[in-house]
Amino acid sequence: MTANANHQALLDRIRTKRAKIGVIGLGYVGLPLAVEFARQGFDVSGFDVDEFKTGEINAGRSYIPDVSPAELSEVVKAGRLRGTTQMADLASMDVIDICVPTPLRKTKDPDLSYVVRAVEAVAATLRKGQLVILESTTYPGTTDEVVQPMLESRGFKADVDFFLAFSPERVDPGNQKFNTRNIPKVVGGVGTASTEAAARLYGSTVDTVVQVSSTRVAEMVKLLENTFRAVNIGMVNELALMCHKMDIDVWEVIDAAKTKPFGFMPFYPGPGLGGHCIPIDPFYLSWKARQNGFECRFIELAGSVNSAMPDFVVERVSEALNTARKSINGSRVHLIGVAYKKDVNDMRESPALDVLELLSKRGARVTYSDPYVPELRHGGHTLASIDLTAVLADAPDCAVICTDHGVFDYDALLKSDTLLVDTRNALKNHQSPRIFRL
Ligand SMILES: NC(=O)c1ccc[n+]([C@@H]2O[C@H](COP(=O)([O-])OP(=O)(O)OC[C@H]3O[C@@H](n4cnc5c(N)ncnc54)[C@H](O)[C@@H]3O)[C@@H](O)[C@H]2O)c1
């Protein structure tokens, strides 16, 4: 087939939904995407190195809260989705979507090792006419500087023999309104043929596709979005510290400010950043900027304000205990919610872990309740979640709301005698000398 014929054949297979789609990495991003492609009628194979995950998929069981077990088992039973650890099967895919982790090293440098391993597997069986899309969040230049040369080392030319694009994933775990289908998808290819193929693919599955001129622009879009959040959260966290000194209720300030119908968007203070994205992605950008001789001052400043928030939470615990003539040392402090955000089970980078660590170091006896996280292992601690009602009956010295899950019985909390440190304004509208807000 000529280069153009490769492209045309791929577009036809996408249009008629005969394209076989492989999703590499079946986590928070990859599994919802794989299920959505399958629901739209594509034949989908999910590739993962984790046998547990592929086994669960084949048994029709979902391990990601945003993926409904009914939807998953429906597409598995219909034979449109299967999980596999056999990377050699990538050879028969028309489209390969890479959704593997992109963490930071201890030095806060990007760790591309998962991406590199996944791309090695793709390169090993690459054939003409395949479309490869990277979805993992990463620094601008990863697709054309790292992925493209690895794939071209097979002797094929990108945008001619095979097609290569970047499309950032914007999934927001726990969000009831926006999901894989109705979040607009940005795509940028290494050339026009690649952009077109990727846009056609997503166009058949998501409501809105936004095409950009290059993979670098698409990579940068995701980093702008997440840096925007990290910086604004840093700004509002600093405002919370400032308001505390000035004896002003920062939550009331934000609620009033957000009545402005234009030019303002509310961000809220909290115990610190969590999750796999906001605490990490901006450092992918600052690392790459530094390679180009540019220092990202906003990112560094927001990072230092946000990472100091757990210390402020502990300071509030100390202030609360002080009113009862108690010290952190020897007190029983109960954490309410430990996942990094409301109504999810994701513990990655959760600031509750820092709060736990800091309180333990100061001699507190720490327990926790989180129905989404039955067990917690961190830095030598192994704790089991305790039922909140049972804990309150036993009156801990202080309880700290780290995550405002909807399932918690806040009324019971208000009726108890326990000192309450509320890092999320979950007890909004309740004034009491027992309640200590950020
Ligand atoms: N979680 C989010 O909310 C979110 C949102 C937007 C973007 N992202 C980005 O998407 C990417 C994936 O994040 P996630 O949250 O889905 O991660 P995750 O850890 O939930 O899932 C990643 C999966 O990849 C698998 N994996 C790792 N190496 C592999 C390999 N070589 N071959 C096959 N499978 C492999 C892991 O076993 C795991 O199941 C990251 O770059 C992340 O920054 C995440």
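All values reported here derive from a predicted model rather than from experimental measurement.

A. The arrangement of the overall build of the protein chain in detail. Of regular secondary structure, the protein chain possesses 15 helices and 15 strands. Here the C-alpha radius of gyration of the protein chain, 24 Å, is about what a compact globule of 438 residues would show, namely 22 Å. With respect to the three principal axes, the spread of C-alpha positions in the protein chain is 80 × 50 × 45 Å. Expressed as a percentage of its 438 residues, the buried residues of the protein chain come to 53%. The long-range fraction of contacts in the protein chain, counting pairs at least 24 apart against all pairs at least 6 apart in sequence, stands at 68%. Accessible surface computed for the protein chain: about 19600 Å², of which carbon and sulfur atoms make up 53%.

B. A look at the sheet that holds strand β14 (residues 419-422). Read from one edge of the open sheet, five strands run β10-β9-β13-β14-β15, paired in parallel fashion. Either end of the sheet is taken by a strand with one partner, and the two such strands are β10 (365-369) and β15 (435-437). Recorded for the sheet is a direction-independent mean angle of 20° between the axes of neighbouring strands. Examined bridge by bridge, strand β9 (residues 332-336) and strand β13 (residues 398-401) share four bridges and lie parallel to one another. Bridge pairing in β13 places His334 opposite Ala399. Those strands touched by helix α12 (residues 309-323) are β9, β13, β14 and β15, and its axis lies near 160° from that of β14. Contacts from helix α13 (residues 351-361) reach β9 and β10, with the element oriented near 180° to β9.

C. The arrangement of the layout of surface pockets in detail. Volume-wise, the second largest pocket comes out at about 640 Å³. Around the second largest pocket, the lining comprises 26 residues; the ones closest to its centre are Lys108, Pro279, Ser307, Glu349 and Asp354. Going through the elements one at a time, α10 (281-291), α11 (297-307), α12 and α13 are the ones with two or more residues in the lining of the second largest pocket. Looking at which element gives the most residues to the lining of the second largest pocket, the answer is α11, with five residues. In the lining of the second largest pocket, the residues fall into 14 nonpolar, six polar and six charged.

D. Structural context of the site of the ligand. The immediate surroundings of the ligand are formed by 28 residues, with Val29, Asp48, Lys53, Thr102 and Thr137 found nearest. Within the backbone of Val29, one N or O atom sits 2.9 Å away from an oxygen atom of the ligand. The contact in question runs from an oxygen atom of the ligand to an N or O atom on the backbone of Thr137, over 2.9 Å. Protein chains bury 93% of the 830 Å² of accessible surface belonging to the ligand in isolation. Among the elements that line the shell around the ligand, the one with the most residues is helix α5 (residues 113-124), at three residues. Classifying every residue of the shell around the ligand by side-chain character gives 15 nonpolar, six polar and seven charged.

E. Spatial organisation of the environment of Asp404. Relative to the helices and strands, Asp404 is located in the loop between β13 and α15 (410-415). Since its relative accessible area comes to 19%, Asp404 is described here as buried. Sequence spacing of Asp404 and Asp343 is 61 residues, and the spatial spacing of their C-alpha atoms is 7.8 Å. Once residues within four sequence positions are removed from consideration, Asp404 is found in contact with Lys342, Tyr410, Arg424 and Ala426.

F. Structural detail: a nonpolar patch on the surface. Among the surface-exposed residues, Met242, Met246, Ile248 and Val253 lie close enough to one another that they form a single nonpolar patch of about 340 Å² accessible area. Checked against the element boundaries, Val253 lands in helix α9 (residues 250-257). Looking at Val253, the relative accessible area reads 36%, which means it is partly exposed.

Calculation notes
Residues numbered from 1 in each chain as written. Predicted model: local features only at pLDDT ≥ 70, side-chain atom pairs only at ≥ 80, totals over all residues. Heavy atoms only, no water. Helix = DSSP H or I, 4+ residues; strand = E, 2+ residues; numbered from the N terminus. Rg over C-alpha atoms; globule rule 2.2 N^0.38 Å. Buried < 20%, exposed > 50% of the residue type's maximum accessible area, 1.4 Å probe, protein only. Contact = heavy atoms within 4.5 Å. Areas by Shrake-Rupley, 256 points an atom, 1.4 Å probe, with all protein chains shown as cover. Pairing = 2+ DSSP bridges. Axes fitted to C-alpha atoms, helices over the stretch in contact; angles between N-to-C directions. 1 Å grid on protein atoms, 1.4 Å probe; cavity = no way out; pocket = protein on both sides within 12 Å on 5 of 7 lines; lining within 4 Å. Points joined across faces, edges and corners; volume = space filled by probe spheres on them. Nonpolar A, V, L, I, M, F, W, Y, C, P; charged D, E, K, R; others polar. Near = heavy atom within 4 Å. Polar contact = N/O pair within 3.5 Å; in protein donor to acceptor, adjacent residues only side chain to side chain. Patch = residues over 30% accessible without salt bridge, like charges linked within 9 Å, V, L, I, M, F, W, Y side chains within 5 Å. Salt bridge = Lys/Arg side-chain N within 4 Å of Asp/Glu carboxyl O.

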